[in-house]
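# Results of the structural survey
Okay, here's what each chain looks like letter by letter:
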Amino acid sequence: MKKSERMNQMLRFINQKQHFTLQDLMQEFQISKRTALRDIASLEEIGAPIYAEYGRYGGYRLLQQMQLPPISFNTSELHALYFAMQALRSFTNLPFQISFRSIHEKFLSALSENQRQDIEQIQHRVSFRHTEQIRDSEHLEFLLMAAVQNIVIQITYQYIRSSSSNPDTSSNPDKTKPSIRTIQPIALYAMKGYWYCQAYDLDKQAYRVFRCDRITSSEATDIEPIPHINELNLQDAHSLWKPSENAIPFKCLINEAGVELFLQEQFPSMRIINESGTDTEQTGYAYLVGSYEFHELEFIIRYLANFGKSIKIMEPDTLKESLRQHYVDLLDHV
């Protein structure tokens with residue numbers, strides 16, 4: 001990092017912290033003690049109101065907050081921002097209803113001529129291929145802000161009815177049934193063309209994941225939120241998930257190709273283990289184990305069918321027979 005760029009970032013860092021130490025600067029900017037001392041001297045030369053505090057809890061402090069210069073980006077950062085914007089193009093719905101086109105135009109207009117030419121070269125050299133958003137999700141902003149502000153909400157959710165004759169019930173409105181749920185949203189994520197909301201279902205007293213396009217209405221409630229739920233983030237929210245007493249366990253032999261498919265799309269109700277029964281990411285054969293609820297049979301069958309020859313169902317026998325019947329039904333449509 002160039003010194004001028006480091007000075008700019010250091011100004012923002014100390015302006016936010018107010019009180020800081022040499023160790024803070026060394027750790028944040030990966031510099032030596034000597035460089036940190038020189039940087040502090042340079043900041044003082046350009047007028048930063050820094051004074052030293054001595055003693056056991058000494059360090060440095062700002063006398064007052066500074067007026068910071070406008071944020072500037074180097075070439076690599078501009079390219080990274082452009083790549084990030086391209087990832088948004090496949091979503092027709094985003095929290096806060098972000099307009100990609102307007103952001104894209106403002107971004108390009110703020111660039112220098114040389115930077116715009118660089119971006120144009122990138123457009124001709126890099127192809128961004130995404131899974132297009134399949135269905136609109138009208139309540140993303142409300143769900144996100146409920147998670148951020150720790151608000152319990154009530155939603156109307158369209159559950160898919162089980163149908164052995166037509167597994168693709170999501171395309172048929174007559175195959176859905178609305179349900180009123182009281183939930184505490186935790187986080188949102190997008191996967192394979194759909195938005196999902198991780199939440200705690202206060203009615204079921206269990207962790208649930210709701211597909212956002214199936215939420216047809218949402219409103220805030222006066223119900224007191226559960227304190228520890230708000231402390232969870234996107235990564236550890238899965239720890240809330242627990243199978244019901246009636247959940248059906250399953251076990252499949254899975255090869256290396258199957259493990260890769262699993263890592264692309266997985267759910268908290270399943271995991272990969274090795275022969276000793278411990279979690280693993282090793283290559284070769286392992287086991288895909290988990291459980292499913294009775295009403296999730298069609299879902300688990302379609303999910304396992306995506307693995308093709310890379311898995312073999314070991315148990316239960318009913319799951320084997322259901323997968324065989326799934327393939328027979330497919331043959332009837334060939």
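See the structure above.
Reference entry: report on the structure contained in this document. (Residues numbered from 1 in each chain as written. Predicted model: local features only at pLDDT ≥ 70, side-chain atom pairs only at ≥ 80, totals over all residues. Heavy atoms only, no water.)

Let's shift gears to the overall build of the protein. Helix and strand content of the protein: 11 helices and 12 strands. Buried positions account for 38% of the 334 residues belonging to the protein. Nonlocal contacts in the protein, meaning residues at least 24 apart in sequence, comprise 60% of its contacts between residues at least 6 apart. (Helix = DSSP H or I, 4+ residues; strand = E, 2+ residues; numbered from the N terminus. Buried < 20%, exposed > 50% of the residue type's maximum accessible area, 1.4 Å probe, protein only. Contact = heavy atoms within 4.5 Å.)

A pair of packed helices is characterised by two quantities: the angle between their axes and the separation of those axes. Interhelical geometry of helix 4 (residues 75–86) versus helix 6 (residues 113–125) gives an angle of 45 degrees and a closest axis separation of 11 Å. One way to sum up the angle between helix 4 and helix 6 is to call them oblique. Like other packed secondary-structure pairs, helix 4 and helix 6 cross with a definite hand, here right-handed. Touching T75, L78, H79, Y82 and F83 of helix 4 are Q115, D118, I119, I122 and Q123, all from helix 6. Broken down by class, the residue content of the contact of helix 4 with helix 6 amounts to five nonpolar, four polar and one charged. (Axes fitted to C-alpha atoms, helices over the stretch in contact; angles between N-to-C directions. Parallel < 35°, antiparallel > 145°, perpendicular 65-115°, else oblique. Left-handed = near helix turned anticlockwise from the far one by under 90°. Nonpolar A, V, L, I, M, F, W, Y, C, P; charged D, E, K, R; others polar.)

In terms of nonpolar packing, the biggest core is built from 25 residues, with L288, I300 and L304 touching the most fellow members. With five residues, the top contributor of residues to this core is helix 10 (residues 297–305). Residues within four places of L304 in sequence aside, it is in contact with C252, L288, I311, I313 and L319. Membership of the second largest hydrophobic core comes to 17 residues, among which are I14, L22, A48 and I50. (Core = buried A, V, L, I, M, F, W, Y, C linked by side-chain atoms within 4.5 Å.)

Right, let's talk about helix 9 (residues 256–264) for a bit. When we look at burial in helix 9, the residues that qualify are G258, V259 and F262. Mapping the buried residues of helix 9 onto a view down its axis gives an arc of 105 degrees, with all of them on the same face. Contact partners of the buried residues in helix 9: strand 9 (248–254), strand 10 (270–273), strand 11 (286–292) and helix 10. (Arc of directions from axis to C-beta.)

Now for the pattern of salt bridges. Counting across every chain of the model gives eight salt bridges. Measuring nitrogen to oxygen at the nearest pair gives 3.1 Å for the salt bridge that ties R116 to E113. With R116 and E113 both in helix 6, this residue pair falls three residues apart, about one helical turn. With relative accessibility at 27%, the residue R116 sits in the partly exposed group. Since its relative accessible area comes to 45%, E113 is described here as partly exposed. (Salt bridge = Lys/Arg side-chain N within 4 Å of Asp/Glu carboxyl O.)

Turning to the sheet that holds strand 10, a few remarks are in order. In space, the four strands of this open sheet follow the order 10-11-9-12, with antiparallel pairing throughout. Every other strand in the sheet has two partners, leaving strand 10 and strand 12 (311–315) as the edge strands with one partner each. Between one strand and the next, the sheet's axes are offset by a mean angle of 25 degrees, whatever the strand orientation. Pairing of strand 10 with strand 11 involves four bridges; the strand directions are antiparallel. The partner of M270 across the bridge, within strand 11, is G290. Where helix 9 meets the sheet, it contacts strand 9, strand 10 and strand 11, and its direction lies at approximately 145 degrees from that of strand 10. Of the strands in this sheet, strand 9, strand 11 and strand 12 are in contact with helix 11 (residues 317–332), which crosses strand 12 at around 140 degrees. (Pairing = 2+ DSSP bridges.)

Contact geometry of helix 2 (residues 22–29) with helix 3 (residues 33–45) gives a least axis separation of 9 Å together with a crossing angle of 105 degrees. Between helix 2 and helix 3, the angle falls in the class roughly perpendicular. The segment helix 2 lies against helix 3, with L22, L25 and M26 engaging K33, A36, L37 and I40. Within the contact of helix 2 with helix 3, the residues separate by chemical class into six nonpolar, no polar and one charged.

Once that is clear, we can look at the sheet that holds strand 3 (residues 59–62). Strand order in this open sheet of three strands is 1-3-2, and the pairing throughout is antiparallel. Bordering the open sheet on either side are strand 1 (19–20) and strand 2 (50–53), each of which pairs with just one other strand. Pairing of strand 2 with strand 3 involves four bridges; the strand directions are antiparallel. Within strand 3, the position partnered with E53 by the bridge is G59.

Attention shifts here to the state of the cysteines. All told, the structure shown has zero disulfides when counted by the stated rule. We note that C212 lacks a disulfide partner, and the nearest cysteine sulfur, in C197, lies 5.4 Å from it. (Disulfide = S-S within 2.5 Å.)

All right, on to helix 3 then. Under the 1.5 Å per step criterion, the end-to-end length of helix 3 is 19 Å for 13 residues, consistent within 8% with the ideal 18 Å. Remark: G47 follows helix 3 within two positions and exhibits a positive phi of approximately 100 degrees. (Expected span 1.5 Å × (residues − 1).)

Take it as geometry only, folks, not as evidence of what the structure does.
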